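Okay, here's what each chain looks like letter by letter:
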Amino acid sequence: MSENTEPVVDLESAELEVDLPPIGSRERYDALMQVVRNRVTVRKFDQNHVVPDETYDLILEAARHGPSGANAQPWHYVIVRDQEIKDQIAAYFVEEQRFRAKAKMKFPTPDYRGLATAPGFIVVCSDMRWVNAFPVLNDGSDMDRMYKENAERILLQSVAASTMSAHLAAAALGYNVWWVTAIGQESAQNAMKPLLGIPDELSVLDIFLFGPPAQKPYKRWRKSLDDISNRDRFDPDHFMTDEDLNDWIKTRRHRVMYKDASKID
Ligand SMILES: Cc1cc2nc3c(=O)[nH]c(=O)nc-3n(C[C@H](O)[C@H](O)[C@H](O)COP(=O)(O)O)c2cc1C
């Protein structure tokens, strides 16, 4: 941790306090929903904006409070301010974009050149060794494999929970965001880690970009509340068959990822 970083809140008192509003009061909920609804992805930013150093602290302070399995907090955030490094990372993504086009994955891949335009650029790392902090046997048995798989899920959910807090903090500060996982593959990670001095033991899970948008942001389609809610038992009407799912991917995916499929961000 940097020695010069002044805490952005009074840690002594804030750290231990639990300050919830009366149950059922709407004020904080409404304020939160304002942030949640307006956390919107853009894939090209206004490159002229400079993120004040303090803003990174405000955002990562939110990440720090994320919940995690066994309270392991298995995350590290690397703030990238050096434009040359941003350019090099963006180049990896553009290469991936080309590979996908050649491999005919049929995934509507966005234009990853936008990565280099992000004023706010944070690489999200996890330390997978923390799986051992969760219930595992470590004896190489089939049972161990089952528990290990779940431990990995616990770890990934933990990092995502923390990352989501950071995205919401950025939205609360007025920024658009971009959550990029596209080159989590091992080979790409290994190429990226030396650029940032990230130890071999850590994994680069995703990249969190934020900044003012280069173009007007737009809100994307959401499933209805009814579609995602079930009371007491899973509603069979909500179940999609393999055929439904495949059809959805074929006919709808590109339309829900982008406002206009002919204009992929
Ligand atoms: C786990 C996760 C992985 C994502 N990976 C990528 C990615 O690799 N590339 C990308 O352009 N967007 C990625 N996104 C952004 C989503 O495409 C975006 O959140 C979604 O289309 C909904 O749009 P919204 O964020 O504006 O609500 C990812 C989002 C999440 C939560």
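Conventions we followed
Numbers given to residues run from 1 along each chain, matching the order in which its sequence is written. For this predicted model, a pLDDT threshold of at least 70 governs which residues receive local features, and a threshold of 80 or more governs which side-chain atom pairs are given and counted, while totals over whole chains, interfaces and linings are taken from all residues. These domain limits were set by an automatic method or by a database of domain assignments. By definition, residues are in contact whenever their C-beta atoms, placed on the basis of the backbone, come within 7 Å of each other. Residue polarity follows a fixed list, in which Ala, Val, Leu, Ile, Met, Phe, Trp, Tyr, Cys and Pro are nonpolar, Asp, Glu, Lys and Arg are charged, and the others, Gly among them, are polar. Working definition: helices are DSSP H or I runs of at least four residues, strands are E runs of at least two. Numbering for both runs from the N terminus. Exposure classification rests on a simple neighbour count of other C-beta atoms within 10 Å of a residue's own: a residue reaching 20 or more is buried, one at 12 or fewer is exposed, and one in between is partly exposed. C-beta atoms are placed from the backbone. Each residue receives a C-beta atom built from its backbone; the residue is near a molecule or strand if that atom lies within 6 Å of it. Each nonpolar core comprises buried Ala, Val, Leu, Ile, Met, Phe, Trp, Tyr and Cys residues, the members being joined through C-beta atoms within 7 Å.

## Some details on the domain arrangement of the chain
Looking at the assigned domains, one finds that the chain contains domain 1 (38–219) and domain 2 (229–265). Computed from C-alpha atoms alone, the centre-to-centre distance between domain 1 and domain 2 is 24 Å. With six residues of domain 1 at the interface, the matching set in domain 2 holds eight residues. Taken together, the residues that form the side of domain 1 that touches domain 2 break down as three nonpolar, no polar and three charged.

## Comments concerning the environment of glutamate 149
Structurally, glutamate 149 can be placed in helix 5 (residues 142–172). Using a count of 12 C-beta atoms within 10 Å as the deciding quantity, one classes glutamate 149 as exposed. Along the primary structure glutamate 149 and valine 131 are separated by 18 residues, whereas in three dimensions their C-alpha atoms are 9.1 Å apart.

## Regarding the site of the ligand
Around the ligand, the neighbouring residues are Val40, Thr41, Arg43, Pro110, Trp179, Val180, Thr181, Ala182, Arg220 and Met257. Grouping the amino acids of the shell around the ligand by side-chain chemistry returns six nonpolar, two polar and two charged.

## Focus: the environment of leucine 196
The topology assignment puts leucine 196 in helix 6 (residues 186–196). Take leucine 196: there are 17 C-beta atoms within 10 Å of it, and that puts it in the partly exposed class. Considered as a pair, leucine 196 and tryptophan 178 are 18 residues apart in the sequence and their alpha carbons are 20 Å apart.

## Here we look at the nonpolar core
Among the nonpolar cores identified, the biggest contains 36 residues, and Leu115, Val124, Ala170, Val177, Phe208 and Leu209 are the most heavily contacted of them. Put simply, the parts of the chain that give this core at least two residues each are helix 3 (53–64), helix 4 (83–103), strand 2 (120–127), helix 5, strand 3 (176–180) and strand 4 (202–211). Looking at this core element by element, the count peaks at seven residues for helix 5. The residues touching leucine 209, leaving out its near neighbours within four places in the chain, are Leu115, Ala118, Gly120, Phe121, Val177, Trp178 and Val180.

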